[in-house]
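For reference, the chains in residue letters:
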Amino acid sequence: MMVFSEPAIEQFSSFINCRPTTLFPQIPIVDLSKPESKHLIIKACEEFGFFKVINHGVPVEFISKLESEAARFFSLPLPEKEKAGPPKPFGYGNKSIGQSGDVGWVEYLLLKTNQESDSQTFGSALNDYMSAVKKMACEVLEIMADGLKVQPRNVLSKLLMDEQSDSVFRLNHYPPCPQVQPLNGSDVIGFGEHTDPQIISVLRSNNTSGLQISLRDGSWVSVPPDQNSFFINVGDSLQVMTNGRFKSVKHRVLTNSSKSRLSMIYFCGPPLSEKIAPLPSLMRGEESLYKEFTWFEYKKSAFNSKLADNRLMHFQRIEAL
Ligand SMILES: C=C1C[C@]23C[C@@]1(O)CC[C@H]2[C@@]12CC[C@H](O)[C@@](C)(C(=O)O1)[C@H]2[C@@H]3C(=O)O
Ligand SMILES: O=C(O)CCC(=O)C(=O)O
Ligand SMILES: [Fe+2]
């Protein structure tokens, strides 16, 4: 059972007034089985830093098995869930996100990706799902490299394939938040606005709405949920690797008044020692917009920041501003 009680919502400070919500019907859809996918991916990353993937090859039974295991986990009594340990860096958390005081109407589980899980809770469902999603993420990154005309085509995907890859997996559960209506139509924040620090994030959710992305003009649009597809976010690291040609997408989750949302996200990170810098073949004589740094340095700084902070700001070259 979820631990959020009625009085808790009154103390809960994360409300925003953001109605009416605009839908995002023009969301780019990339069919991975089609040759034009490379052009569509580049256009989507340049325009939105976000797109939806169909014909992804992740077996539907892997998805539904993990979804039902996750739903079972989140329905356990709190002391059972807390046996997963606090989310510092891996474990179960609720309401509190990160170490800098952010809160959301969410409970979650943060998990390692680079070692076979012997989880009693999830059995083989976790490994099956993560392996299939990692394979699909590599395919997306290879098609992206083709679209960018950078070689070798595994220049990005090899960072995920590396044994030391610092990827993270996250299960988020947003219980229904029925108290929303009386509060003057305000929305309760499930997960506050932020960009993801990694290369790309691969998100799958059940059919409950809530995810919003920010467009280049600063407006927020709601992403219609689609449980049969995956959504890809451009992260800060890919912004740097493309020297700002792609921008990491600002996104957030608002709670739903009647349905719970369950999302599973694979955050594709490089090894800690990896230098995050623009890909040389993308730099036609231009200067890097960013200082040199490793993923370890970026992650350390990111994990000390607030969710909504512009984390890349500290790594921009002043001369290039
Ligand atoms: C407030 C925070 C939570 C976060 C670490 C941070 O200090 C800033 C980035 C946040 C984020 C967003 C994407 C992923 O959900 C996440 C696991 C990550 O890598 O960066 C979270 C971090 C977290 O929840 O610990
Ligand atoms: O749960 C979601 O749908 C998105 C959450 C998110 O953006 C994150 O965990 O970084
Ligand atoms: Fe995110």
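Because the structure is a prediction, the values reported are computed rather than measured. Here, residues in each chain are numbered from 1, in the same order as that chain's written sequence. Lettering for chains starts from A, numbering for ligands starts from 1, and both go in the order in which the items are written. Two thresholds apply to this predicted model, a pLDDT of at least 70 for residue-level local features and 80 or more for giving and counting side-chain atom pairs, whereas whole-chain, interface and lining totals are computed over all residues. Excluded from the side-chain calculations are hydrogens and water; all other atoms, namely the structure's heavy atoms, are used.

**Comments concerning the confidence of the model for the chain**
Part 1: Predictor confidence is given residue by residue as pLDDT, running from a minimum of 0 to a maximum of 100. Looking at the chain, the pLDDT average stands at 92 and 90% of residues meet or exceed 70.
Part 2: Counting from the N terminus, the helices are DSSP H or I runs at least four residues long and the strands are E runs at least two residues long. Predicted confidence in the chain is weakest over helix H1 (residues 6-11), with a mean pLDDT of 52, and strongest over strand E9 (residues 200-205), with 99.
Part 3: In the predicted assembly, ipTM is 0.99 and pTM is 0.94.

**Let's talk about the site of ligand 2**
Part 1: Note on definitions. A residue lies near a molecule or strand when any single heavy atom of the residue is within 4 Å of it. Close contacts around ligand 2 come from 13 residues, with Asn172, Tyr174, His251, Arg261 and Ser263 the closest.
Part 2: Isolated, ligand 2 exposes 290 Å² of accessible area, and the fraction of that covered by the protein chains is 97%.
Part 3: Of all the secondary-structure elements, those providing two or more residues to the shell around ligand 2 are strand E7 (168-174), strand E8 (187-194), strand E13 (251-254) and strand E14 (261-268).
Part 4: The element that contributes the greatest number of residues to the shell around ligand 2 is E14, accounting for four residues.
Part 5: Class assignment for the residues of the shell around ligand 2 results in six nonpolar, four polar and three charged. Computed with the Shrake-Rupley method and a 1.4 Å probe, the accessible areas treat only the protein chains shown as cover for residues. Residues are grouped as follows: Ala, Val, Leu, Ile, Met, Phe, Trp, Tyr, Cys and Pro are nonpolar; Asp, Glu, Lys and Arg are charged; every other residue, Gly included, is polar.

**Some words on the coordination of the iron ion (ligand 3)**
Part 1: Distances decide who is a donor: an N, O or S atom must be within 2.8 Å of the metal, or within 3.2 Å for Na, K and Ca. Water is not included, so sites may look incomplete. Taken together, the protein ligands of the iron ion (ligand 3) are His194 (NE2), Asp196 (OD) and His251 (NE2), with distances of 2.1 to 2.2 Å.
Part 2: Taking the relative accessible area as the measure of exposure, histidine 194 reaches 9% and is therefore buried.
Part 3: Residue classification places aspartate 196 among the buried positions, given a relative accessible area of 3%. Accessible area is worked out with a 1.4 Å probe on protein chains only. A residue is then buried under 20% of its type maximum, exposed over 50%, and partly exposed in between.

**Some points on the environment of alanine 70**
Part 1: Topologically, alanine 70 is positioned in helix H3 (residues 60-74).
Part 2: The sequence separation of alanine 70 and asparagine 172 amounts to 102 residues, and the corresponding C-alpha distance is 9.0 Å.
Part 3: Contacts are assigned to residue pairs that have any heavy atoms within 4.5 Å of one another. Sequence-distant contacts of alanine 70, defined by excluding residues within four places in its chain, comprise Phe122, Leu171 and Leu262.

**Observations concerning the pairing of strand E10 (residues 211-214)**
Part 1: Burial along E10 is two-sided: Leu211 and Ile213 facing one way and Gln212 and Ser214 facing the other are all buried.
Part 2: By definition, two strands form a pair when at least two bridges between them are found by DSSP. Here three bridges tie E10 to E13, and the two strands are oriented antiparallel to one another. Its bridge partner being in E13, isoleucine 213 is matched across the sheet by histidine 251.
Part 3: As judged from the three bridges shared by E10 and strand E11 (residues 220-222), these two strands associate in the antiparallel manner. Pairing of serine 214 across the sheet is with tryptophan 220, part of E11.
Part 4: Between the antiparallel neighbours E10 and E11 lie five residues, among them glycine 218 with a positive phi of about 90°.

**Here we look at the sheet that holds strand E5 (residues 91-97)**
Two pairing modes exist for strands in a sheet, parallel and antiparallel, and in both the strands are linked by backbone hydrogen bonds.
Part 1: Strands sit in the order E3-E4-E12-E9-E14-E7-E6-E5 across an open sheet of eight strands; the sheet is mixed. With partners counted over all chains shown, the strands left at the sheet margins are strand E3 (29-31) and E5, one partner each. Direction aside, neighbouring strands of the sheet carry axes that sit 25° apart on average.
Part 2: With four bridges joining them, E9 and strand E12 (residues 230-234) adopt antiparallel strand pairing. Across the sheet, residue isoleucine 200 finds its bridge partner in E12, namely valine 234.
Part 3: Note on method: axes are straight lines fitted to C-alpha atoms, helices fitted across the in-contact stretch only, with angles between N-to-C directions ranging 0 to 180 degrees. Here helix H5 (residues 125-148) sits on the sheet in contact with strand E4 (50-54), strand E6 (102-112), E7, E9, E12 and E14, set at roughly 130° to E9.

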